[in-house]
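# What the coordinates show
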Amino acid sequence: MSVLDRIVDDTRDEVKRRKKELPIKELKKQIERRSDGARPFSEALTRPGVSLIAEHKRRSPSAGFIREGSEVKEVVQAYERGGAAALSILTEPFHFAGSLDDLREARTAARLPILRKDFIVHRYQLYEAAAAGADAILLIVAALDVKDLSELLHEARELDLDALVEVHNEEELEAALEIEADVLGINNRNLSDFSVDIERTYELLADIPAGKTVVSESGFRTRDQLDELERVGVDAVLIGETLMRAPDIEAAVRDLTGFAELT
Ligand SMILES: O=P(O)(O)OC[C@@H](O)[C@@H](O)c1c[nH]c2ccccc12
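Residues numbered from 1 in each chain as written. Predicted model: local features only at pLDDT ≥ 70, side-chain atom pairs only at ≥ 80, totals over all residues.

### Quick notes on the UniProt feature "domain: Indole-3-glycerol phosphate synthase" (unreviewed entry) in the protein
The UniProt entry lists residues 4–256 under the feature "domain: Indole-3-glycerol phosphate synthase" (unreviewed entry), expressed in the numbering used here. Here residues 4–256 runs as 45% helix and 17% strand, with 30 Å between its end C-alpha atoms. (UniProt positions renumbered as here; feature names shortened; annotations may be inferred. Helix = DSSP H or I, 4+ residues; strand = E, 2+ residues; numbered from the N terminus.)

### Considering the site of the ligand
Every one of the 15 residues lining the ligand counts as a neighbour, but Glu217, Ser218, Ile239, Gly240 and Glu241 are closest to it. Taken together, the elements giving at least two residues each to the shell around the ligand come down to strand S10 (236–239) and helix H11 (241–244). (Near = placed C-beta within 6 Å.)

### Some points on the sheet that holds strand S4 (residues 86–90)
The strand order S1-S4-S5-S6-S7-S8-S9-S10 describes a closed barrel built from 8 strands, whose pairing is parallel. Averaged over all neighbouring strand pairs, the angle between strand axes comes to 25°, with direction disregarded. Sheet topology places strand S1 (residues 51–56) next to S10; 4 bridges connect them, and they run parallel. Following the sheet pairing, leucine 52 is matched in S10 by valine 237. (Pairing = 2+ DSSP bridges. Axes fitted to C-alpha atoms, helices over the stretch in contact; angles between N-to-C directions.)

### Section: helix H4 (residues 72–82)
Those residues of H4 lying buried are Val72, Val75, Val76, Ala78, Tyr79 and Gly82. Projected down its long axis, H4 shows its buried positions confined to an angular sector of 155°, all on one face. Packed against the buried residues of H4 are S1, S4, helix H5 (100–109) and helix H12 (249–257). Glycine 83 lies just past H4 and shows a positive phi near 105°. (Buried ≥ 20, exposed ≤ 12 C-beta atoms within 10 Å, placed from the backbone. Arc of directions from axis to C-beta. Contact = placed C-beta atoms within 7 Å.)

### Details of the pairing of strand S8 (residues 183–187)
With 5 of its 5 residues buried, S8 lies for the most part within the structure. Neither face of S8 is open: one carries Val183, Gly185 and Asn187, the other Leu184 and Ile186, and all of them are buried. With 4 bridges joining them, strand S7 (residues 162–167) and S8 adopt parallel strand pairing. Within S8, the position partnered with leucine 164 by the bridge is valine 183. Crossover handedness for the path S7 to helix H8 (residues 170–178) to S8: right-handed. (Right-handed = clockwise from strand over helix to strand, strands pointing away.)

### A few points about the packing of helix H2 (residues 24–33) against helix H6 (residues 123–132)
Taken N-terminus to C-terminus, the directions of H2 and H6 make an angle of 30°; their axes are 9 Å apart at the nearest point. Classified by the angle their axes make, H2 and H6 are roughly parallel. The handedness of the crossing between H2 and H6 comes out as left-handed. Contact residues: H2 offers Ile24, Leu27, Lys28, Gln30 and Ile31, while H6 offers Tyr124, Tyr127, Glu128, Ala130 and Ala131. The residue inventory of the contact of H2 with H6, partitioned by class, reads 7 nonpolar, 1 polar and 2 charged. (Parallel < 35°, antiparallel > 145°, perpendicular 65-115°, else oblique. Left-handed = near helix turned anticlockwise from the far one by under 90°. Nonpolar A, V, L, I, M, F, W, Y, C, P; charged D, E, K, R; others polar.)

Put into structure tokens, the structure is as follows:
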């Protein structure tokens, strides 16, 4: 069984448990009560230059603990000050040590739009995301069949959530285009064996029609790499590990975004 399959199985069990604990109709009430408006996620990615989606990730199956006991507030405020365009908050509990509380905390600590980074397999999770204050959700094509993918994408739109639809190969890209995803994520990391190859982005980019918003995900470290993405027309980049490991997070973000410090 691949790691992805295991995470998806764990997620299905966890969703069953949570649905009993807090029924979807309660989440709907919470969503109605939300007073603060949605923050535009996909718009934030299409500004000039490569937009940075900065990710909060305490641990990962490939790297183990990255920043143990990380304080969300501290990290996301450094991301915002450094010039990130949006936040990605890992909420998966068992393999990434994240939670929806992390997302809620990010929401109050910073003003940037937020992506709920998780393994979405059930509509319940969309309602959870909206209730916790997410502006966007991740849909991983490798984890879903086309019918579920399409239903989740449409239901997300009804909830005013943007969807980042993640692909890793041609076949997955075709599925994402078939369901008319607007925001496509090319994951350079293979979720079955964790190997990372940034070339993946350049290979798949050639088959993406004009008008789509493209995000390149995983494995980035330097400004030069981002310049190259900008040159070929990629809209945004998603970076986690490099930033979470940085001793001075704000400075690391500035180095990548070229965002000048105000004096
Ligand atoms: O930490 P990195 O190499 O900068 O990668 C970030 C992000 O792309 C990665 O965390 C990711 C991409 N797709 C995912 C799906 C689930 C969990 C995590 C991910």
